[in-house]
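If you want the building blocks of each chain, they are given just below.
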Amino acid sequence: MPSISTKSKIAGTRAYNARVLFSGSTEPERVAVVEEVIKETGAILVPPYDHPDIILGQGTVGLELEKQVEDLLKDSRDKTNTKGDSPLNAVITPLGGGGLLAGTATYFSSEPSTYVFGAEPSFEGGDDGRRGLACGSRISTVSTMTIADGLRTPVGEVNWAIISDVKKVRGVFSVTEEHIKEAMVLILERLKVFIEPSAAVPLAVILFDEEFRQIAEKEGGEKGWDVGVVLSGGNTTVEAICRLYGEK
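Throughout this description, residue numbers start from 1 for each chain and increase along the sequence as written. In view of the model being predicted, local features appear only for residues whose pLDDT reaches at least 70, and side-chain atom pairs are presented and counted only at 80 or more, with totals across whole chains, interfaces and linings using the full set of residues. The side-chain values count all of the structure's non-hydrogen atoms but skip hydrogen atoms and water molecules.

What follows concerns the domain arrangement of the protein chain. Taken domain by domain, the protein chain holds domain 1 (7-41) and domain 2 (52-245). The gap between the C-alpha centroids of domain 1 and domain 2 is 26 Å. At the boundary of domain 1 with domain 2, total buried surface from both sides reaches about 660 Å², with 57% on carbon and sulfur atoms. On the domain 1 side of the contact with domain 2, K9, S25 and E27 bury the most area, a combined 55% of that side's loss. Put simply, a salt bridge is a Lys or Arg side-chain nitrogen that is within 4 Å of an Asp or Glu carboxyl oxygen. Summed over the shared surface of domain 1 and domain 2, the number is zero salt bridges. Where each domain begins and ends is defined by an automated method or by a domain database. In short, buried area is how much 1.4 Å probe accessible area vanishes from two parts on joining, totalled over both.

This paragraph deals with the side chain of T236. Labels follow the DSSP assignment, with helices taken as runs of H or I lasting at least four residues and strands as runs of E lasting at least two, numbered in each case from the N terminus. Structurally, T236 is set in the loop between β4 (227-229) and α10 (238-246). Working rule for contacts: check all heavy atoms of both residues, and any pair within 4.5 Å makes them a contact. Ignoring any residue separated from it by four or fewer positions in sequence, one finds T236 in contact with T6, S8, F194, I195, E196 and I241.

With respect to the secondary-structure elements, T93 resides in strand β1 (residues 90-94). Throughout this description, buried means an accessible area under 20% of the type-specific maximum (1.4 Å probe, protein chains only), exposed means over 50%, and partly exposed covers the range between. Look at T93 and you get buried, because its relative accessible area is 0%. In this structure, T93 is in contact with L100, L101, T104, F117, G118, A119, P202 and V230, ignoring residues within four places of it in sequence.

So, on to the packing of helix α8 (residues 197-208) against helix α9 (residues 210-220). Throughout, an axis means a line fitted to C-alpha atoms (over the contacting stretch in the case of helices), and angles, computed between N-to-C directions, take values from 0 to 180 degrees. At a closest axis distance of 6 Å, the pairing of α8 and α9 adopts a crossing angle of 70°. The angle between α8 and α9 falls in the class roughly perpendicular. For the pair α8 and α9, contact is made by V205, I206, L207 and F208 and by E210, F212 and R213, respectively. Three classes are used, and their members are as follows: Ala, Val, Leu, Ile, Met, Phe, Trp, Tyr, Cys and Pro are nonpolar, Asp, Glu, Lys and Arg are charged, and the others, Gly among them, are polar. Of the residues assigned to the contact of α8 with α9, the class counts are five nonpolar, no polar and two charged. Note on terminology: angles under 35 degrees are roughly parallel, angles over 145 are roughly antiparallel, angles of 65 to 115 are roughly perpendicular, and the others are oblique.

We now examine the pairing of strand β2 (residues 115-121). For β2, a buried count of six out of seven residues is recorded, marking the element as mostly surrounded by other parts of the structure. A pair of strands is treated as paired once DSSP finds two or more bridges between them. The pairing of β1 with β2 spans five bridges and is classified as parallel. Paired with A90 across the bridge in β2 is Y115. Two elements, β2 and strand β3 (residues 171-175), share five bridges in a ladder whose sense is parallel. Residue pairing for β3: G118 is matched across the bridge by V172.

For the rest of this paragraph, the subject is unusual backbone geometry. Positioned with a positive phi, E124 is a non-glycine residue whose angle comes to about 50°. Looking at where E124 falls in the secondary structure, it is placed in the loop between β2 and α5 (128-135). Judged by its relative accessible area of 45%, E124 falls in the partly exposed class. A positive phi angle, near 60°, is found at K192, a position not held by glycine. When you line up the elements, K192 lands in the loop between α7 (177-191) and α8.

What follows deals with the packing of helix α3 (residues 52-72) against helix α4 (residues 99-108). To characterise two packed helices, one gives the angle between the axes of the helices and the distance between these axes. Viewed as axis vectors pointing N to C, α3 and α4 meet at an angle of 55°, and their least axial separation amounts to 7 Å. Between α3 and α4, the crossing angle belongs to the class labelled oblique. In the packing of α3 onto α4, the handedness of the crossing is right-handed. Every residue of α4 that contacts α3 at I55, Q58, G59, V61, G62, L63 and E66 is listed here: G99, L100, A102, G103, T104, T106, Y107 and F108. Within the contact of α3 with α4, the residues separate by chemical class into seven nonpolar, seven polar and one charged. The sense of a crossing depends on the near helix, which, turned anticlockwise from the far helix by less than a right angle, makes the crossing left-handed and, turned clockwise, makes it right-handed.

The next point concerns the pattern of salt bridges. A complete count under the given rule lists seven salt bridges for this structure. Here R213 ties to E217 by a salt bridge, and the two come within 3.9 Å at their closest N and O atoms. Separated by four residues within a single helix, R213 and E217 lie in helix α9, roughly one turn from each other. Several salt bridges converge on common partners, so that one network encompasses K67, D71 and K74.

Another aspect to go through is α7. Expected helix span is computed as 1.5 Å times (number of residues minus one). Between its terminal C-alpha atoms α7 stretches 21 Å, which fits the 21 Å expected from 15 residues at 1.5 Å a residue. Taken together, the buried positions of α7 are E177, I180, K181, A183, M184 and I187. Each buried residue of α7 sits inside an arc of 165° when the element is viewed along its axis, so together they form one side. For α7, the exposed residues set more than 90 degrees away from the buried face come down to E189 and R190. Packed against the buried residues of α7 are β2, β3, α8 and α10. Phi turns positive, to about 60°, at K192, one or two residues after α7. Within this analysis, the arc is defined by the directions that extend from the helix axis to the C-beta atoms.

As structure tokens, then:
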């Protein structure tokens with residue numbers, strides 16, 4: 001784990017009787033430690049995101065999200081809608097290594113009426129997915145110290161094949177550190193949901209990215225879009241949040 005990981009994340013990992021080894025904060029630094037452990041112990045790496053099984057597992061988020069929305073709308077949905085379409089016009093997830101976005105996009109690929117988007121931090125080139133789509137090729141290295149620490153990894157090779165498929169992922173957008181903090185405050189204060197900065201990135205895109213808003217407003221018409229937002233985690237602490245908002 002990165003040496004700057006939150007205390008709660010480290011403690012939670014150790015609670016499963018894991019031996020935690022620390023590395024630097026960037027992807028190359030983590031890979032170097034992993035390779036050394038494998039060399040010394042013969043351990044087998046379970047990839048954190050870049051593997052078909054991981055993609056399929058994280059894709060169940062789409063299934064759960066759709067079910068939650070259907071339950072919420074059960075009494076208020078238009079009873080004349082009998083086509084069986086997904087109740088969501090769009091779904092947006094954080095994008096780091098890409099397992100969550102690739103899995104969600106794979107699930108909703110059978111729902112052509114639901115668009116899937118990714119959300120990244122723009123700080124220090126953390127938006128490698130967005131930039132990769134713009135230039136037509138995967139960006140293999142990322143070195144960013146964005147506050148969205150769960151999204152500091154480059155998009156994986158297996159995931160890239162899915163994310164770069166326009167039939168599965170419509171687009172990827174990025175936001176600033178300040179926008180992430182504003183979205184996080186909104187979720188904490190209005191929804192009373194405790195999340196980490198990485199989880200706030202999709203809502204920040206919805207609130208602040210003009211290109212995304214223009215697409216939604218143009219295609220949603222007067223009714224607008226019903227957008228599912230994946231809040232991907234709460235690996236932070238009260239102390240870390242205080243430091244985050246205590247910065248001048």
